[in-house]
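# A look at the structure
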Amino acid sequence: RICEAIRNRQRMQFKYHGISRIVEPQCYGITAANKEHVRCHMIEGGSREEQLFDVTKITNLELLNENFTKPGPNYKKNDSVFEFIFCQL
């Protein structure tokens, strides 16, 4: 579902550490710690613009009927935090 959201440039909503977030997913893959993470541009629910989320801690994931047109201002293709990338903008 995360790759679908990235391909369609679709916003997502989920809970992370009990806080509801609305994000624009940018990159999804496996980090050097061998964990699945997704880098997102934060719209609501956080203080950092570009945040990395541990996918195992995401709950109530929904794809919203809202699209975005461009990556967040700090987006970097082939994000160096990822050892393997499933999908990216």
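Further up the page is the structure itself.
My aim in this report is to walk through the structure given alongside it, one point at a time. (Residues numbered from 1 in each chain as written. Predicted model: local features only at pLDDT ≥ 70, side-chain atom pairs only at ≥ 80, totals over all residues. Heavy atoms only, no water.)

### Description of the overall build of the protein chain
- Secondary structure assignment for the protein chain yields one helix and six strands.
- Listing each helix as α and each strand as β along the protein chain from the N terminus yields α-β-β-β-β-β-β.
- The globule rule puts the C-alpha radius of gyration for 89 residues at 12 Å, and the 12 Å found for the protein chain is close to it.
- With the principal axes as the frame, the protein chain shows a C-alpha extent of 30 × 30 × 25 Å.
- Looking at the protein chain as a whole, 43% of its 89 residues are labelled buried. (Helix = DSSP H or I, 4+ residues; strand = E, 2+ residues; numbered from the N terminus. Rg over C-alpha atoms; globule rule 2.2 N^0.38 Å. Buried < 20%, exposed > 50% of the residue type's maximum accessible area, 1.4 Å probe, protein only.)

### A few points about the environment of Ser-80
- Following the sequence through the fold, Ser-80 ends up in the loop between strand S5 (58-67) and strand S6 (82-88).
- Note: C-alpha distance between Ser-80 and Gln-10 (70 residues apart in sequence) is 23 Å.

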